[in-house]
Protein chains: 2
Amino acid sequence: MMRTRVTLADVAAMARVDRAVVSRVVNKDPTLNIRPETRERVLAAIEELGYRPNVAARSLRTSRAHMFGLFIPDFANPVYAEIIKGAEAEAASQGYVLVTGSATGAGLGEYMDRIGQGRIDGLLLAGAADDSALTAQLDQAAIPWLMLNNRSRGVKRYVILDDQRAAAIAVEHLVLLGHRRIAHLAGPSRADTAARRSAGYSAAMRDAGLPEGPIVAADYTPAGGAAAMARLLTPSSDAAEPPTAVFVANVASAIGAMQAVRAAGLEIPRDVSIVAVHDLELASYLHPALTTVRMPLAELGRRGVTLLGSLKPDDTVAEVLAGPIELIQRSSTAPPGR
Amino acid sequence: MMRTRVTLADVAAMARVDRAVVSRVVNKDPTLNIRPETRERVLAAIEELGYRPNVAARSLRTSRAHMFGLFIPDFANPVYAEIIKGAEAEAASQGYVLVTGSATGAGLGEYMDRIGQGRIDGLLLAGAADDSALTAQLDQAAIPWLMLNNRSRGVKRYVILDDQRAAAIAVEHLVLLGHRRIAHLAGPSRADTAARRSAGYSAAMRDAGLPEGPIVAADYTPAGGAAAMARLLTPSSDAAEPPTAVFVANVASAIGAMQAVRAAGLEIPRDVSIVAVHDLELASYLHPALTTVRMPLAELGRRGVTLLGSLKPDDTVAEVLAGPIELIQRSSTAPPGR
DNA sequence: TTGTAGGCGTTATCAC
DNA sequence: GTGATAACGCCTACAA
């Protein structure tokens, strides 16, 4: 049963005051000096009629939509699920709604058209690729926006995690276990996160006085990880001896990589140890349970929303989020076998 | 660099026509009879100024927000990721934006307050629990809404999948392999999907002339699945002989269940076969690769949005989505060992 | 073929 | 302490 909508005027009529008064009561206007009994009447009428402010009218008037946007490449990627959770929680605490859309490259421009003008007060881009046409479009849309988790050429507003340190933590763990031939299953070369994790790997190997093992790039997918791991395990002329441990840039790739290890007739961690970036609940249910490096993804989402709310039009943001990065040791890493 | 916003009036001034003409050009009013050169001028001005309609003004005037809402319990659950994808795609093709929020029970009411009035034209509830206070609130909000994937007491608008058939397909597969002692790791008792999958299990067992094996309920989580499977494997007085196969109501539980099997020192599928509802990319990377029943989840999301767009206020919808349900056979099922 | 005008529901600036 | 009034930007009958 759909009732006809209730407006300020209805409430005002019922409470026998002007709409302006109702508006200021609703918005808790601190400059409003009102008799307690009048306020009571207004509140009662609101309750009685079930009044809820019309968002369209309000944002037309105030030019604030109380809504933020968040773009991700894919809802099925649990890494983004974490980011969404944090962003949504922070948006909620500010009284904002978060609209999350998945789209890549060209699709994003089309999506922005559907979003239209005046629907969102700010936009977060997580995992977006380089796209100068898009950034131009966003700048023209006259809403604040920033990139999350990865950077893009020419973009000067972003928050990222310390992927380099995460990689170093993973590698140091392997070194401490006694591994010396440590390979790197990297992310796709175009990904900023991949580059920073690879840099962390290289730095940590150098610090440990170890030569860089073979490095193979793969998409952040199980299939990509499986293919890359298969290549790592294939004896080559470069490395007479196969690696005893692999630092995998991403947990999705690691899942595929583990399968490739099994397919090669090897055992984890006896023949090869594996550690990956990003902790998922799933990791502890894999076989063997996967050692990971946990990153504060939800915090990243939260921070992004906070910044959106306080950003001035031409502000620059280049932030590496300070937050706990920790090794979650499980069963996929152990001292080298022989 | 944020430019001042461009309105219809700006475009009209530049094209030397009235705002009304611009509006009708923008909205492709078919009754508009306009000289080609005038239209050209308008289009050029729109392009030149980068005009995009103000959503707030438009929806205030038309009382349509061109936005649908979708509620899910948790972004991290890949089952909902599939539903979101389908819903988003269908919404996009209708020129709508989809806002997806995660909230449960009480949180949903608070979320609806933030959504306010007039921001969304319809609401999809996926995986929502029984909550008559909530449904009352939704009805009062005067927007069409319906439940997706599961039903709730007293709610007469929903679209669900044929979970009963999915369960039967899984059980028939096990029967065909030669299993006779088939246990059921069910979902939580309050979940409608769990009840329908359990009904499918019971019917299929009856059809096969087999006695129902032990049935244990668990949350749709790896932890829940692990605990339940452990109980199933514990010898009890009821069942002298342990099951040779288990039909698991949900893939997340199955992941935990597989771990419990290993922890018990048993091997899949040699000692126990496992088949679960819902196919995920991940399933083929588990060890062993998990046999699943694929359900048309994206199609469910798509159908929900389609219905929202065409629902009359007091329409009733009780639809079991017709769509392919198929067994994806992998390595976790095999004929019984002995 | 194009222009006029009223109003969607709200907020903010006045006035009383 | 409370009320009147003018926008916010757009759509749409109706008029010209």
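Analysis parameters
- Residues numbered from 1 in each chain as written.
- Chains lettered and ligands numbered in written order.
- Predicted model: local features only at pLDDT ≥ 70, side-chain atom pairs only at ≥ 80, totals over all residues.
- Heavy atoms only, no water.
- Buried < 20%, exposed > 50% of the residue type's maximum accessible area, 1.4 Å probe, protein only.
- Helix = DSSP H or I, 4+ residues; strand = E, 2+ residues; numbered from the N terminus.
- Phe/Tyr/Trp six-rings, centres within 6.5 Å; stacked < 30°, edge-to-face > 60°.
- Axes fitted to C-alpha atoms, helices over the stretch in contact; angles between N-to-C directions.
- Parallel < 35°, antiparallel > 145°, perpendicular 65-115°, else oblique.
- Left-handed = near helix turned anticlockwise from the far one by under 90°.
- Contact = heavy atoms within 4.5 Å.
- Nonpolar A, V, L, I, M, F, W, Y, C, P; charged D, E, K, R; others polar.
- Near = heavy atom within 4 Å.
- Polar contact = N/O pair within 3.5 Å; in protein donor to acceptor, adjacent residues only side chain to side chain.

Trainee: So what about helix α6 (residues 105-115) of chain B? Which residues, and what values?
Mentor: Every buried residue belonging to α6 of chain B is among Leu-108, Gly-109, Tyr-111, Met-112, Arg-114 and Ile-115 of chain B, and all of these are buried. Gly-116 of chain B sits one or two residues past α6 of chain B and shows a positive phi near 75°.

Trainee: For the packing of aromatic side chains, give the residues involved together with the corresponding values.
Mentor: Applying the stated criterion across every chain yields a total of seven aromatic pairs over all chains. Between Phe-68 of chain A and Tyr-96 of chain A, the ring centres sit 4.3 Å apart and the planes meet at 15°, which makes this aromatic pair stacked. Separated by 28 residues along the polypeptide, Phe-68 of chain A in strand β1 (residues 67-72) and Tyr-96 of chain A in the loop between α5 (78-93) and β2 (97-102) bring together distant segments of the chain. The pair formed by Phe-68 of chain A and Tyr-96 of chain A is uniform in burial state, with each residue classed as buried. For the ring pair Tyr-201 of chain B and Phe-247 of chain B, a centre distance of 6.5 Å and an interplane angle of 15° mean the geometry is stacked. Within this pair, whereas Tyr-201 of chain B is found in helix α9 (residues 192-207), its partner Phe-247 of chain B is found in strand β8 (residues 245-248), the two being separated by 46 residues in sequence. Residue Tyr-201 of chain B is classed as buried on the basis of its relative accessible area, which comes to 0%.

Trainee: Describe in detail the packing of α6 of chain B against helix α7 (residues 132-140) of chain B, supporting the description with residues and values.
Mentor: Residues and elements named next belong to chain B. Put simply, α6 and α7 touch, their axes get as near as 10 Å, and they point 15° apart. Classified by the interaxial angle, the pair formed by α6 and α7 is roughly parallel. The two elements α6 and α7 meet at a crossing, and its hand is left-handed. Packed against α6, whose contacting residues are Leu-108, Gly-109, Met-112 and Asp-113, the element α7 presents Leu-134, Gln-137 and Leu-138 at the interface. By residue class, the composition of the contact of α6 with α7 is four nonpolar, two polar and one charged.

Trainee: Describe the protein's contact with DNA strand C, listing the residues and the values that go with them.
Mentor: Taken together, 27 residues lie near DNA strand C, and Leu-8, Tyr-51 and Arg-61 of chain A together with Asp-18 and Arg-61 of chain B sit nearest. When the atoms of DNA strand C within 4 Å of the protein are grouped by moiety, sugar and phosphate amount to 62% of the total. A distance of 2.8 Å separates a phosphate oxygen of DNA strand C from a polar side-chain atom of Arg-58 of chain A. Within the side chain of Asn-33 of chain B, a nitrogen or oxygen atom sits 3.0 Å from a phosphate oxygen of DNA strand C. Elements that contribute at least two residues to the surface near DNA strand C include exactly α2 (19-26) and α4 (55-62) of chain A together with α2 (19-26) and α4 (55-62) of chain B.

Remember, this is a structural readout, not a statement about activity or role.
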